Amino acid sequence: MAQKETPSHVELDVSRTGKVSPLWWRALATTLAAMMVLAACGGSDDADSGDDASDSADSEESSDGLRVAIVAPSAENDLAFTQSIVEGVDALSGVSEVAITPGTFVVEDAATAIRDYANDGFDLVVAHGSQYGGPLEEIAKEFPDTAFAWGTAADTFGLENVSAYTAASDQGGYVLGALAASMCSKIGIVGPIAVGDAKLYVDGFTLGAEDNGAEVDVVYTESFSDTQLASETATAFVENGADCLTGTAQMTVGAIGVAEQEGLLWFGTQSDQTPAAADGVVVANQIYQWEVVLQDLVDDVTGGATGGEVYAIDLDNGGLTIEYGNVDATDDMTSAVDAASSSVVAGDVETMIEG
Amino acid sequence: MAEFFTASVLVTTFAAGVRLSMPFLLAALGETLGQRSGVLNLGVDGVMLIGAFFAYWTVLETDSRLSGVVAGLLVGLAMGVLYAVVTLVFHAEQGISGIGIFLFGLGMSELLFQELVGTPLPIPALTEAPIPLLSDIPGLGTMLFSHSLLVYAGVVLVVLLTWLINRSTFGLDLRAVGENPEAADSLGVSVIRTRAIAILIGNSLAGVAGAALTIELGTFQNNLTNGIGFIAVALVYFGAWRPFGVLAGSLLYGLVTATVTQLKVLDIVSGAAASLTTTAPAVLTVLALAVIARRSASQPAALTVPFERRH
């Protein structure tokens, strides 16, 4: 019987059906796997080196205005931290192009994106995450002609091309806490990690509520993104008698869901969280109007400066606003808000907790 | 501490633990089937994510939670077909292709959410379905018999899969191809078909796990699972590749998480202690895996080994 010739350079395996699976099938399989990886990475990462990194709904490219890039830790539509900066930058004038790299919670990923934007010639790179400070300090030194903005933070590292921006979220937190105390007796606060503006908000809210007679429980879940844990924490608050809830960071949509399911009231911060719940749930939100300080920054950079300043949004300069949600605002509510706001702006109340 | 050890707190904490464990259980049961057949899938989290998105979107459009669960199942099934082709037909390295599946699910769910929905709109959430009479039992009724239908389905699945693996012809084939595929093949068992079925069922369950998560929460967000799929893979090892073992591991994980949460809410632990206790579920998983390593003999012998029939 004649033997079938077997090419020596290809390893052949014969399956039960007699079909041949040569080595190149494995190469194809590996290539397919690699393509899946690249496709997934390309879906959210806009900062490929040398590529046009524009992603947001924004200005057409033109030769006038600054090219601004944002690197942020969560999604653009998180109804929280990242959405606030995206909306702020979108509201700026004097900007010709906006590029966004969201979802870079891992610091190394953010550092890559920041460096890529600087390499790509962007005029202003906004590093929107407290955790980005370390790599930002190094990258800023490598690109002295690029302006960098770091938030939320108050440290410019003494570098002329680094600005910092922060939010006095304790102020709006205090006002919301005072408002909540007029409507609730026991409030649960679902916090992420006790750092930055998250801690400021939680502290301010706690003081505002307690100063006005409400009981407050605070739990930090130790995560900015664990939605299920936020939901479970909110549920535990409800089981322990809370009649109102609040929280901060992108994981709060889990807690908002509990508020809606259990018929509780919700107080939001950073962005307008009203869309996340049905009517009658979201009482009010502290909104970060980043454009109030970012416009100053853009104007300074346009004028030739590259940094060195610290900017802050607060109730007084209109960078923090209290906006009502989908609960009808009564006269009592507006009175509580106005009174608390006046006290905060006047410095008559303490809005931060030491330590 | 005394306030934790009251009947009401213990009961609600246990009930919370059961509720928390369900997405882990469903995903881990699916992965158990796959691994018993010799196929490792590190992409469970990605399948959960894309299943969660399609379930969420379906509920948003139809207002039907059942349709959402079905959507999650079908998307999981589709991902299973993809994974089966990549691993069984093309013999791709299972670890790499699993990570590819994870990244695909992560990126695609984010992209689709951005394009089709845009913001975390609320959807009708899972509601409790108390079992008549049983749910009225003091304590036990709340702990075990006042959960959602998906919780009960998960428990039923544990029993079903145990029977399937240990008592059915398919289960015999499954175990055979997972331990010694060459011997199974020589006895006429179709290794490829058996593994393919296991992958399809496993990924379908991962899709249902994602659907369960998003419907339980009543919302969707990027990276909603936050690594649940990877914990599920670890739970398969914890449970020694047995459905009841996986159930025990999932419950333990859920109960520890619920206990830590309750301790924080009651302010029994706070500050640095609270931060430390948050790591308890993960630490427990690592410790359990270290113990299980001593029992590595129970791991399917052909796990991650592609089958190639040779003359």
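Along each chain, residue indices are assigned from 1 in the same order as the chain's sequence is written. Both sets of labels track the order of writing: A upward for chains, 1 upward for ligands. In keeping with the model being predicted, local features are shown solely for residues with a pLDDT of at least 70 and side-chain atom pairs are shown and tallied solely at 80 or more, while totals for entire chains, interfaces and linings include all residues. Processing note: side-chain calculations cover all non-hydrogen atoms of the structure and skip hydrogens and water entirely.

K.L.:
What is the right way to read the overall build of chain A from this model?
P.N.:
The secondary structure listing takes helices from DSSP runs of H or I that are at least 4 residues long and strands from runs of E that are at least 2 residues long, numbered from the N terminus. Of the regular secondary structure elements, chain A holds 10 helices and 12 strands. Residue contacts follow a heavy-atom distance rule, with two residues in contact if any of their heavy atoms lie within 4.5 Å. Taking the contacts inside chain A whose residues are at least 6 apart along the sequence as the reference set, 68% of them involve residues at least 24 apart.

K.L.:
What should I look at first to understand the domain arrangement of chain A in this one?
P.N.:
As a measure of interface size, the accessible area lost when the parts come together is often cited. Residues and elements named next belong to chain A. Boundaries between domains were set according to an automatic or database domain assignment. For chain A, the domain assignment lists domain 1 (66-167 + 290-313) and domain 2 (169-287 + 325-346). Between the C-alpha centres of domain 1 and domain 2 there is a distance of 28 Å. Accessible-area loss on putting two parts together, using a 1.4 Å probe and summing over both, is the definition of buried area adopted here. Here domain 1 meets domain 2 over a buried area of about 960 Å², counting both sides, of which 59% is carbon and sulfur. Interface area lost by domain 1 to domain 2 is led by L79, A80 and A167, which between them contribute 49%. When a carboxyl oxygen of Asp or Glu lies within 4 Å of a side-chain nitrogen of Lys or Arg, that pair is called a salt bridge. At the boundary of domain 1 and domain 2, one finds 0 salt bridges. Residues adjacent in sequence count toward polar contacts only when both atoms are side-chain atoms; beyond that, a polar contact is any pair of N or O atoms within 3.5 Å, and within protein one must be able to donate a hydrogen and the other to accept it. The interface formed by domain 1 and domain 2 holds 5 residue pairs in polar contact (both at pLDDT 80 or more) in total. Residues of the side of domain 1 that touches domain 2, tallied by class, amount to 5 nonpolar, 4 polar and 2 charged. Three residue categories are used. Nonpolar comprises Ala, Val, Leu, Ile, Met, Phe, Trp, Tyr, Cys and Pro, charged comprises Asp, Glu, Lys and Arg, and polar comprises the others, including Gly.

K.L.:
Would you mind showing me how to read the pairing of strand β10 (residues 282-288) of chain A here?
P.N.:
Regular strands show a simple pattern: their side chains alternate between the two faces of the sheet. Residue and element names in this part refer to chain A. Under the scheme applied here, a residue whose accessible area is under 20% of the maximum for its type counts as buried, over 50% as exposed, and between as partly exposed, the area being computed with a 1.4 Å probe on protein chains only. In terms of burial, β10 is a largely internal element, 7 of the 7 residues being buried. At least two bridges found by DSSP between two strands are what make those strands a pair. In terms of strand pairing, strand β9 (residues 265-270) meets β10 through 5 bridges, oriented parallel. When the bridges of β10 are listed, W266 appears paired with V282. By the bridge criterion, 5 bridges tie β10 to strand β12 (residues 320-324) in an arrangement that is antiparallel. Bridging from a neighbouring strand, N285 pairs with E323 of β12.

K.L.:
So what exactly am I meant to see when it comes to the packing of helix α5 (residues 169-181) of chain A against helix α10 (residues 331-346) of chain A here?
P.N.:
Helix-helix packing: each pair is described by the crossing angle between the helix axes and the interaxial distance. All names here are of chain A. Closest axis-to-axis distance for the α5/α10 pair is 8 Å, and the angle between their directions is 145°. In the crossing of α5 with α10, the sense of the turn from one axis to the other is right-handed. Residues Q171, Y174, V175, A178 and L179 of α5 touch α10, and the partners they reach there are M333, A336, V337, A340, S341 and V344. Partitioning the contact of α5 with α10 into residue classes produces 9 nonpolar, 2 polar and no charged. Here the axes come from fitting lines to C-alpha atoms, over the contacting stretch only for helices, and the angles between their N-to-C directions go from 0 to 180 degrees. Here a crossing is taken to be left-handed if its near helix is turned anticlockwise relative to the far helix by less than a right angle, and right-handed if that turn runs clockwise.

K.L.:
Explain the environment of V216(A) to me, please; I cannot follow it from the model alone.
P.N.:
Residue and element names in this part refer to chain A. By the secondary structure assignment, V216 is in strand β7 (residues 215-220). It is 4.9 Å that separates the C-alpha atoms of V216 and I187, two residues lying 29 residues apart in sequence. Setting aside residues no more than four positions away along its own chain, V216 makes contact with I187, I189, T206, A209 and E210.

K.L.:
What is the right way to read the interface of chain B and chain A from this model?
P.N.:
Contacts between chain B and chain A engage 52 residues on the former and 51 residues on the latter. Both sides together, the interface formed by chain B and chain A hides about 4200 Å², and carbon and sulfur atoms give 56% of it. On inspection of chain B and its partner chain A, the count reaches 1 salt bridge. Ionic pairing is found between E232(A) and R19(B), a salt bridge with its closest N-O pair at 2.6 Å. On the surface where chain B and chain A come into contact, there are 8 residue pairs in polar contact (both at pLDDT 80 or more). Per-element tally for the side of chain B that touches chain A: the top contributor is helix α4 (residues 94-116) of chain B, with 11 residues.

K.L.:
It is not clear to me how the pairing of strand β1 (residues 66-71) of chain A should be interpreted in this structure. Could you clarify?
P.N.:
Residues and elements named next belong to chain A. Counting buried residues along β1, 5 of its 6 residues qualify, which places the element largely inside the surrounding structure. A crossover counts as right-handed when, viewed with the strands pointing away from the observer, the path leading from the first strand over the helix to the second turns clockwise. With respect to chirality, the unit in which β1 leads through helix α2 (residues 81-90) into the neighbouring parallel strand β2 (residues 95-101) is right-handed. Across 4 bridges, β1 lies against strand β3 (residues 124-128) in parallel orientation. Bridged to V71 within β3 is A127.

K.L.:
How do you make sense of the environment of T219(B) when you look at a structure like this?
P.N.:
Residue position: T219(B) is located in the loop between α9 (191-217) and α10 (228-238). On the basis of relative accessible area, T219(B) is assigned to the buried category, the value being 3%. A C-alpha to C-alpha distance of 19 Å links T219(B) and G76(B), two positions 143 residues apart in sequence. Those residues in contact with T219(B), other than ones at most four positions away along the chain, are V253(A), Y56(B), P120(B), L121(B), I123(B), T214(B) and L224(B).

K.L.:
Would you mind going over the pattern of salt bridges with me for this structure?
P.N.:
Residues and elements named next belong to chain A. What the rule picks out here adds up to 8 salt bridges over all chains. Note that R115 and E142 form a salt bridge whose closest N and O atoms lie 2.8 Å from each other. Within this pair, whereas R115 is found in helix α3 (residues 107-119), its partner E142 is found in helix α4 (residues 133-142), the two being separated by 27 residues in sequence. Look at the salt bridges and you will find they share partners, linking R67, E97 and D120 into a network.

K.L.:
Looking at this model, I keep getting lost on helix α9 (residues 291-302) of chain A. Mind explaining?
P.N.:
Each α-helix turn comprises 3.6 residues. Residues three or four places apart therefore point the same way. Residue and element names in this part refer to chain A. The span one expects for a helix is its residue count, reduced by one, times 1.5 Å. Along its 12 residues, α9 runs 15 Å from first to last C-alpha, staying within 8% of the 16 Å computed at 1.5 Å per residue. Of all the positions in α9, only V293, L294, Q295, L297, V298 and V301 are classed as buried. Looking one or two residues past α9, G304 carries a phi angle of roughly 115°, positive in sign.

K.L.:
Looking at this structure, I do not really get the sheet that holds β10(A). What am I missing?
P.N.:
Strands in a sheet are paired, the pairing made by backbone hydrogen bonds, and the direction either parallel or antiparallel. All names here are of chain A. Strand order in the open sheet formed by 6 strands is β7-β6-β8-β9-β10-β12, and the pairing between neighbours is mixed. Each of the sheet's edge strands pairs with one partner strand only, and the pair in question is β7 and β12. Going from strand to strand, the sheet's axes swing by 15° on average, the running direction of each strand aside. The strands touched by helix α6 (residues 196-211) within the sheet are β6 (186-191), β7, β8 (244-247), β9 and β10, with β7 carrying the most contacts at an inclination of about 165°.

K.L.:
Help me out: how do you make sense of the confidence of the model for chain B in this one?
P.N.:
For residues with low pLDDT, the predicted coordinates do not support detailed interpretation. All names here are of chain B. Summary of the metric used: pLDDT quantifies the predictor's per-residue confidence within the range 0 to 100. Averaged over chain B, the pLDDT score is 91; the fraction of residues at 70 or greater is 97%. Here helix α12 (residues 271-278) is the element of chain B with the lowest mean pLDDT, 74, and helix α2 (residues 44-62) is the one with the highest, 97. On the interface metric, ipTM, the complex scores 0.89, and its pTM is 0.85.

K.L.:
Looking at this model, I keep getting lost on the packing of aromatic side chains. Mind explaining?
P.N.:
The description of an aromatic ring pair uses the distance of the two centres, along with the angle that the planes make with each other. Residue and element names in this part refer to chain B. Planes of paired rings set the category: under 30 degrees apart is stacked, over 60 is edge-to-face and the rest tilted, where pairs are Phe, Tyr or Trp rings (Trp by its six-membered ring) whose centres lie within 6.5 Å. Tallied over the entire structure, the rule returns 18 aromatic pairs over all chains. Seen from their ring centres, F24 and Y253 are 4.8 Å apart, and the 45° between their planes marks the pair as tilted. Here the residue F24 occupies a position in helix α1 (residues 7-36), and Y253 occupies one in helix α11 (residues 243-265), the gap between them amounting to 229 residues. The exposure class of F24 is buried, given its relative accessible area of 5%. Seen from their ring centres, Y56 and F113 are 6.2 Å apart, and the 65° between their planes marks the pair as edge-to-face. With Y56 in helix α2 and F113 in helix α4, the pair connects residues that are 57 residues apart, well separated along the chain. One exposure class covers both Y56 and F113, and it is buried. Within the aromatic cluster, the residues linked to one another by ring pairs are F53, F54, Y56, W57, F113 and F220.

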